Structure formats: C-alpha cells, structure tokens
Amino acid sequence: MTAMCEGRVVIVTGGGRGLGRAHALEFARQGAAVVVNDLGGDVHGRGGSSEAADSVVAEIRALGGRAVADYADAADPEGARSVVQTALSEFGRLDVLVNNAGILRDRMLVNMDRPEWDEVVRVHLGSTFSCTREAAAHWRAEAKAGRSVDARVINTSS
C-alpha cells in the first residue's frame, strides 16, 4: 500500500512541539517530505533555539523519512518567504502548508496587556497570513506557467 502523502512536500510552522510536532511526524509517516519550521522560542514566545525543530527532523529521519529544519520567524514576511524557499530548494516543490505557529499567553483577557495581545496576534495570525501569502504566490506562478498544482493549506487554532 502506498502512503497517502508519498511524493508530497509539507511545511509545518510551529512544528517543533505539541500539535505541530504531531502534524510533522504524521505527514512523514504518510510519506511526505517535511519542512519543520520552528523559531525555537519557549511556549511563552521568548528566546530562540534550533533544538525543537532539529529534534523533530531527527525523529523523522530515524523513521526513514525526509525532513529539514527551518528556524525563520514565520510571522515576518521575509521569514515566510524563507520557509517556502527552504521547501523549494531542499525538495523542489511545495504541496501543503500547515499553519500551526503560535505562542501561549495563558491569561484572562482582563489581565492581558496590549503588547501581549499584539504578540499573540502577530504570531498566530501574522504567520498564517505571511506563509499562506508566500505559498499561494508560488502556487499561482506554477499554475500560470502551465504546471499542475494540487495544493492544500491547513490552519490550526486554539
């Protein structure tokens, strides 16, 4: 039996932990090559490290899959462009974008200040917008060039 995603290339933002990690591992199990994008901040959005993304990539490779880490800030337009370029340069294509990047501000609205709110919106919505925009631009260019596009965007939220 052929794996459902054999030959497909998937980007998972926020792929280093939690649900993003689960997405990345399952797509790999189903035969996809995976770009594990994770800035490496802690659950509160502070700091940065390659450890989270590298760990998931190592898990996928240990299972015989293909994966590469990307540490760009997916909420930043240049970072989003870099994530899409990583998929194209490493695997030659992009078929699926999973917008999963997020940070935790586990506070009631009445206790949250405006900078905290702005950062949540920047990461959760900004990365969804920036990465989807870059992926869609790529797919549009492919279609205009006469190449078949069978693409998907998956958004997670909490």
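Please refer to the structure placed before this passage.
Reading the values: the criteria
- Residues numbered from 1 in each chain as written.
- Predicted model: local features only at pLDDT ≥ 70, side-chain atom pairs only at ≥ 80, totals over all residues.
- Heavy atoms only, no water.
- Helix = DSSP H or I, 4+ residues; strand = E, 2+ residues; numbered from the N terminus.
- Rg over C-alpha atoms; globule rule 2.2 N^0.38 Å.
- Contact = heavy atoms within 4.5 Å.
- Lys, Arg positive; Asp, Glu negative; His and termini not counted.
- Charge placed at Lys NZ, Arg CZ, Asp CG, Glu CD.
- Salt bridge = Lys/Arg side-chain N within 4 Å of Asp/Glu carboxyl O.
- Buried < 20%, exposed > 50% of the residue type's maximum accessible area, 1.4 Å probe, protein only.
- Pairing = 2+ DSSP bridges.
- Right-handed = clockwise from strand over helix to strand, strands pointing away.

## Notes on the overall build of the protein chain
- Check the secondary structure of the protein chain and you find four helices and five strands.
- Its C-alpha atoms give the protein chain a radius of gyration of 16 Å, within 12% of the compact-globule value 15 Å for 158 residues.
- Here the C-alpha coordinates of the protein chain stretch approximately 50 × 35 × 25 Å along the principal axes.
- Long-range contacts, defined as pairs at least 24 residues apart, comprise 65% of the intrachain contacts of the protein chain with a sequence gap of at least 6.
- Where the 18 positive side-chain charges of the protein chain centre and where its 21 negative ones centre are 5 Å apart.

## Brief notes about the pattern of salt bridges
- Throughout the structure, instances matching the rule amount to 13 salt bridges.
- The partner of glutamate 59 in a salt bridge is arginine 21, and the shortest N-O contact between them spans 2.8 Å. Taken together, the positions of glutamate 59 in helix α2 (residues 51–62) and arginine 21 in helix α1 (residues 18–29) put the pair 38 residues apart, joining distant regions of the chain.
- On the basis of relative accessible area, arginine 21 is assigned to the partly exposed category, the value being 32%.
- Across the salt bridge formed by arginine 81 and glutamate 78, the nearest N and O atoms sit 2.3 Å from each other. Of this pair, arginine 81 and glutamate 78 both sit in helix α3 (residues 77–91), separated by three residues, roughly a single helical turn.

## Things to note about the environment of arginine 66
- Structurally, arginine 66 is set in the loop between α2 and β3 (67–70).
- Judged by relative accessible area, which is 48%, arginine 66 ranks as partly exposed.
- With 18 residues separating them in the primary sequence, arginine 66 and valine 84 have C-alpha atoms 16 Å apart.
- Residues within four places of arginine 66 in sequence aside, it is in contact with Ala32, Ala33, Val34, Ile60 and Phe91.

## Section: the pairing of strand β1 (residues 9–13)
- For β1, the buried fraction is high: five of the five residues fall into the buried class.
- The two faces of β1 match: Val9, Ile11 and Thr13 on one face and Val10 and Val12 on the other face are all buried.
- Bridge count between β1 and strand β2 (residues 33–37): five bridges; the pairing is parallel. Looking across to β2, one finds that valine 9 is bridged to alanine 33.
- Handedness of the β-α-β unit built from β1, α1 and β2 comes out right-handed.
- Here three bridges tie β1 to strand β4 (residues 96–99), and the two strands are oriented parallel to one another. In the sheet register, valine 10 faces β4, and the bridge partner there is valine 96.

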